[in-house]
Every structure is written in structure tokens, then in C-alpha cells.
Amino acid sequence: MTPAITESRLPYLYEAVQCGTVRAAADRLDIAPSAVSRQIALLEAELALPLIERHKRGVHLTQAGRLLMEYYREQRAHQEDLLAKLQEVRGLRRGHIRLAVGEGFVSDLMGAPLQYFCKRYPDITLTLDLAGTNEVMRLVAEDDADIGLVYNPPAEPKIVSRAQMRQPVHAIVAPGSSLVDRLDSAGALRLDALYDVPLALMHGAYGTRQLMELAEQSEKHRLVPTVTTNSISVLKHFVRAGLGATFLPAFAVSQEIEAGVLRALPVDHPILNNAEAHLVTRAGRRLSGAANRLLTHLASKMEAFGARD
């Protein structure tokens, strides 16, 4: 006989995993820790399978627990999509959209594209979370974000690209940088022209750093950054202060280029030249009307996907 799932117990398991411990989940739900543990134990009894493992650092899902959480997240996403569609049937143009965004997209996104969308749809609210490439992919895959903006993501069967465009990595320098004198006849830098230059680079969870590591492997030369950070703002300030150079796609610094405070120099390297910006959703996810409107709008209005400023 197929075991039944009491779905009202799933939020307790979800909160325990999200919070990391049963006690933290109980605090969030404002109930006793024993009540959370009991609901999880009843779920395990129903399915005759362990769902979590308790460690000193908190709870971790078993394989069965991961399958159950994947089901729960999909059910939540379907419910949100249904409610949004029902609102539209009633003639309302409301909804809430969750975006997971690489920091390099922020200037492009927060300019004309989002300004126009928010004015046209004032009753649609947004949550915008900044994250590295790996985290954006996870948030979208687990339905914790409806739409993701990510730079050069790895292949992932749970993720589908709804728009993409080649956006090469450039060397970002100050306007008066001596690196301009190292440009070749085609107006590009060789990667080895930057070996003696102080560099600021992102952490390894970010698309630009992952690309740089691939380029380093192909060149058999390891770049040793002066500064490693999780902030593109720090990279920009590093370069503007005259401390050295960094690597970013040009759209990430388009405002600074227009203002004349930064310059983007092409780099002659096939790995860096074939990098892409992607607008992603979960494969099989049916977005709400509000999210679909925003998706179409961003694909047509953002510089990262070919729109003119």
C-alpha cells in the first residue's frame, strides 16, 4: 500500500532545513522544539524512511528528505503561480516576483528597464536578492527565485535560459592606465600583458572568477590577486583608486564608462570572449503573468541582452 503524505507537516521539515536546526525552526514558527521534532517524526513514520540526519552543526536531509523538499518547493511554486493567475482572471495586475541577480547586472537592471516596469505595473512588488553564480542557480532551481540573472552559468538540467547573449570579459582599468599602451594592433590585450599588474578578483563562486580560472588553466599561468572579494563595487573602487585592474563584462561598468571614470579593454582570449549573460528560470516552471511580463521586459530592455541604452 502506497504511504500517504500529510502535507500540513511538510512546512516543519522545510523550516528545520532552512533554519539549520530544529530549535531555530521552532523559534521562527513560535512553537516548542518538541512540536517540530514530533511533526518530522510523524512524517518519517508515514513514509517509513528517515528524512533528516542530526549533526553538531544542525540537520541535513537524507536522500528521501531531499526528494520530499523538492516536491514541497514545487507545490509552493505551483500554488503561488495559481494565485497570481486567479488574480489576473479577476482583472487585477498584481503579484510578487522574486529575482536572484548577479551584482554585475544591478546597474543595467536598476536603470531604465526596472524604472519603466515599476511605473507601468505599480501594484507588482519585487524581492531582489544579490548572489554569486552558484547561488543564483540554486535559488532558481529550488523555486526560491522566479527569475535569475546570471553570468556564464554552468550547464544545469533544472535550469533553462530564456534569453542569452555573448558578453566577453574585459580588463577594467582606470582611464589613464599604462595598459592602454599594451594593446595589440587589433585593439585588444593579451592575458600575459596583465601578469605583472595588481589585480582585484571575485571569489570562486562567481562567474567572472570561474572564467578567469579556466583561462589561467589554458595559459598554464596562475593569477595571484592582490584583493579577492565578493563585491563588484569593491572591484570598481580598486580600479578607480589606481590600485590596478580587474575583469568584468562591459555592461557591468557601463555607467562608469559613460562617466569616463573607468575603461573596458578587450582581452584576446577565446574563453573570455565567449562568455554569456543569461536570463534563467527553472525548467518546467510555469511563471505567473506578472513574472512572465517582467521576463519579457528584461529580455528586450536590458543592455546585457542587446538593448541599446
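Small disclaimer: the values here were computed from a predicted structure and weren't measured.

### Points about the sheet that holds strand S3 (residues 95-101)
Then, number 1: Read across the open sheet, the five strands follow the order S4-S3-S5-S12-S6; overall the sheet is mixed. Either end of the sheet is taken by a strand with one partner, and the two such strands are strand S4 (124-130) and strand S6 (159-166). The average angle at which neighbouring strand axes cross in this sheet is 20°, direction not considered.
Then, number 2: Where S3 and S4 come together, seven bridges link them in parallel fashion. Residue Leu99 lies in a different strand from S4, and its bridge partner there is Leu128.
Then, number 3: Across the sheet, helix H7 (residues 133-141) is in contact with S3, strand S5 (147-151), S6 and strand S12 (276-282); its angle to S5 comes to roughly 155°.

### A short note on the domain arrangement of the chain
Then, number 1: Under the domain assignment used here, the chain contains domain 1 (1-92), domain 2 (93-166 + 276-305) and domain 3 (169-273).
Then, number 2: Here the C-alpha centre of domain 2 lies 26 Å away from the C-alpha centre of domain 1.
Then, number 3: Buried area between domain 1 and domain 2, both sides added, is near 1,200 Å², and the carbon and sulfur share of it is 39%.
Then, number 4: Our count for the contact surface shared by domain 1 and domain 2 stands at three salt bridges.

### Some remarks on the layout of surface pockets
To find the voids left in a structure, one rolls a probe of water-molecule size over its atoms.
Then, number 1: In this model, the largest pocket occupies a volume close to 320 Å³.
Then, number 2: Taken together, 17 residues form the lining of the largest pocket, with Glu70, Arg73, Ala141, Glu142 and Lys158 sitting closest to its centre.
Then, number 3: Sorting elements by how many residues they give to the lining of the largest pocket places helix H4 (residues 63-89) first, with seven residues.
Then, number 4: Here the lining of the largest pocket is composed, by residue class, of seven nonpolar, one polar and nine charged.
Then, number 5: Per-domain counts for the lining of the largest pocket show at least three residues from each of domain 1 (1-92) and domain 2 (93-166 + 276-305).

About the thresholds
- Residues numbered from 1 in each chain as written.
- Predicted model: local features only at pLDDT ≥ 70, side-chain atom pairs only at ≥ 80, totals over all residues.
- Heavy atoms only, no water.
- Pairing = 2+ DSSP bridges.
- Helix = DSSP H or I, 4+ residues; strand = E, 2+ residues; numbered from the N terminus.
- Axes fitted to C-alpha atoms, helices over the stretch in contact; angles between N-to-C directions.
- Contact = heavy atoms within 4.5 Å.
- Domains from an automatic or database assignment.
- Buried area = accessible area lost by both parts, 1.4 Å probe.
- Salt bridge = Lys/Arg side-chain N within 4 Å of Asp/Glu carboxyl O.
- 1 Å grid on protein atoms, 1.4 Å probe; cavity = no way out; pocket = protein on both sides within 12 Å on 5 of 7 lines; lining within 4 Å.
- Points joined across faces, edges and corners; volume = space filled by probe spheres on them.
- Nonpolar A, V, L, I, M, F, W, Y, C, P; charged D, E, K, R; others polar.

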